[in-house]
Amino acid sequence: MAWRLLHCKNTQPKTLISPFFQNPNPSPFTLLFTSQFSTSFLVTKTPKKYKKKRKKSESPRTKPVQHASNRNPYFESLVERDSYFRFLTKSKQFLSHQPEHVLRLEDAGKLYRELGFSRGRKVTRFIQRHPLIFQTYRHTDNKMWLGFTGFMEDLLEEEKSIVDSMEGDRVNKVRKLLMMSKNNRIPLSKIHHCRLLFGIPDDFRDRVIKYPDYFRIVVEDDGKRVLELVNWEPKLAISELEKDFMVNEDKVKKTFKFPVKHAKDLDLDEEDSRKLNLLNTLPLVSPYSDGERLELWSLEAEKYRLGVLHEFLSLTLEKRASIHHIVEFKEEFCLTRHTYDMLKRQLRTFYLAGTEMNWVVFLKDAYDESGNLVNKDPQVVFNEKLFKYAQMKDRELDCGLGGK
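The notes below deal with the structure included here. (Residues numbered from 1 in each chain as written. Predicted model: local features only at pLDDT ≥ 70, side-chain atom pairs only at ≥ 80, totals over all residues. Heavy atoms only, no water.)

The next thing to look at is the packing of helix α9 (residues 167-180) against helix α16 (residues 299-315). For the pair α9 and α16, interaxial distance at closest approach is 11 Å and the crossing angle is 170 degrees. In terms of orientation, α9 lies roughly antiparallel with respect to α16. Here α9 contributes Lys173, Lys176, Leu177 and Met180 to the contact with α16, which in turn contributes Tyr304, Val308, Glu311, Phe312 and Leu315. For the contact of α9 with α16, the per-class residue count stands at six nonpolar, no polar and three charged. (Axes fitted to C-alpha atoms, helices over the stretch in contact; angles between N-to-C directions. Helix = DSSP H or I, 4+ residues; strand = E, 2+ residues; numbered from the N terminus. Parallel < 35°, antiparallel > 145°, perpendicular 65-115°, else oblique. Contact = heavy atoms within 4.5 Å. Nonpolar A, V, L, I, M, F, W, Y, C, P; charged D, E, K, R; others polar.)

Structure representation (structure tokens):
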């Protein structure tokens, strides 16, 4: 029995007491206090507000293509202008195809993609930006409707006359696009999607039948309508670079840069390096040649792709295009996924604006030092006038007309 009592006494758990309160004969109160003692109030970690915050890497969706020191404010402002007038441009196109050029306001609020406004926003906010262009009114059915103002209807008639007068020029643009494309054929849907880029009329698919000597429409097994070139025209197969070469040879030689690798021991000056690089730069490859026969990653293939993009931009109204337009013709022009990096290397000729995910490429020689187009198409002149009116109020228009 004594052995059992001794064993039980030694196996009882010991009470852990802080050294500050050590007592050989602790009282019940001391035992109760020390068992509930906690050190959680002591700061053992660096508070979150004092921690050094890591700088988040910018997303390609928001990261600018150009560094702040290299940014061209004129080109960047044009990209911002397009974003601001997105609702105007898309709504103008959509309403123009509606009967009587009107649309129920209730339906307009659901067509955010077609009309070009942000999802979750009220369409009336965007309508109010352009009081000279759009108007809302209550119809006899007691429903609110969206339509053009009388002033805008007059502008549309003016634009229609411009489109009709420039039809021959637009036909030649499409012919040149077909001559550059693989197998001289492009789906009609792609041309329609990029029609505003080249000033091609909305009803071009119907106008094609007027030119049987130039175009042929082929319906494929899947129902896709493809536009094919009927006759090759040698006079049109001359690129803008080739024309410039006849006038200013030195300028064209500086258009693209393909550096030749050489040892530092050569100690070449700038002029010698330029002459050495010409060994790679010349001869240029015509965008109207057969790019498929070139080895994919060869120097000649890269010169061909750059020539195609240069000619493509030369055919556009404003000598610029977004990534979405270029990707649209990726297969037809034998482009690769490295088009973005390829363009960035040619700083003398191209300028990339916007963000890394949504960039716009400009043909620099087509603009003056103030960021204005050297040669403006009549459609560009009309668009600039429309943007000007879109920012005006009724009173400002009256004052402007009165001043005239």
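To continue, consider the side chain of Ser181. Along the polypeptide, Ser181 turns up in the loop between α9 and β4 (185-187). Under the relative-accessibility criterion, Ser181 is labelled buried at 4%. Other than its neighbours up to four places away in sequence, Ser181 contacts Ile186, Glu332 and Phe333. (Buried < 20%, exposed > 50% of the residue type's maximum accessible area, 1.4 Å probe, protein only.)

Spatially, β4-β6-β5 is the arrangement adopted by the three strands of the open sheet, whose pairing is antiparallel. Strands with a single pairing partner mark the edges of an open sheet, and in this sheet they are β4 and β5 (215-219). Shown here is a sheet whose adjacent strand axes are inclined to one another by a mean of 30 degrees, direction ignored. Note: β4 against strand β6 (residues 225-229), three bridges, orientation antiparallel. Along β6, the bridge assignment pairs Ile186 with Leu227. (Pairing = 2+ DSSP bridges.)

So, on to the nonpolar core. With 63 residues, the main nonpolar core has Phe215, Leu227, Phe312, Phe350, Trp359 and Phe362 as its most contacted residues. For this core, the element with the most residues is α16, which contributes eight residues. Shared between two domains, this core takes at least three residues from each, and those domains are domain 1 (73-148) and domain 2 (153-386). Setting aside anything within four residues of it in sequence, one finds Phe362 in contact with Phe75, Leu78, Val79, Lys319, Arg320, Thr349, Phe350, Tyr351, Ala353 and Tyr367. (Core = buried A, V, L, I, M, F, W, Y, C linked by side-chain atoms within 4.5 Å. Domains from an automatic or database assignment.)

This part takes up the sheet that holds strand β3 (residues 144-148). In space, the three strands of this open sheet follow the order β1-β3-β2, with antiparallel pairing throughout. Every interior strand has two partners, whereas the edge strands, β1 (102-104) and β2 (134-138), have only one. Each adjacent strand pair in this sheet contributes to an overall mean axis angle of 30 degrees, direction not counted. Both β2 and β3 contribute to a ladder of five bridges, which runs antiparallel.

Taken together, Phe245, Met246 and Val247 make up a surface patch of nonpolar side chains, about 360 Å² in accessible area. One can find Phe245 in helix α13 (residues 240-247). Assessed through its relative accessible area of 31%, Phe245 is described here as partly exposed. (Patch = residues over 30% accessible without salt bridge, like charges linked within 9 Å, V, L, I, M, F, W, Y side chains within 5 Å. Areas by Shrake-Rupley, 256 points an atom, 1.4 Å probe, with all protein chains shown as cover. Salt bridge = Lys/Arg side-chain N within 4 Å of Asp/Glu carboxyl O.)

Right, let's get into unusual backbone geometry. Positive phi values are uncommon outside glycine, yet His101 reaches one of about 60 degrees. Examined against the element boundaries, His101 turns out to sit in the loop between α4 (86-96) and β1. Classification of His101 as partly exposed rests on a relative accessible area of 22%. Positive phi, close to 55 degrees, is recorded for Asn184, a residue that is not glycine. In this fold, Asn184 is placed in the loop between α9 and β4.

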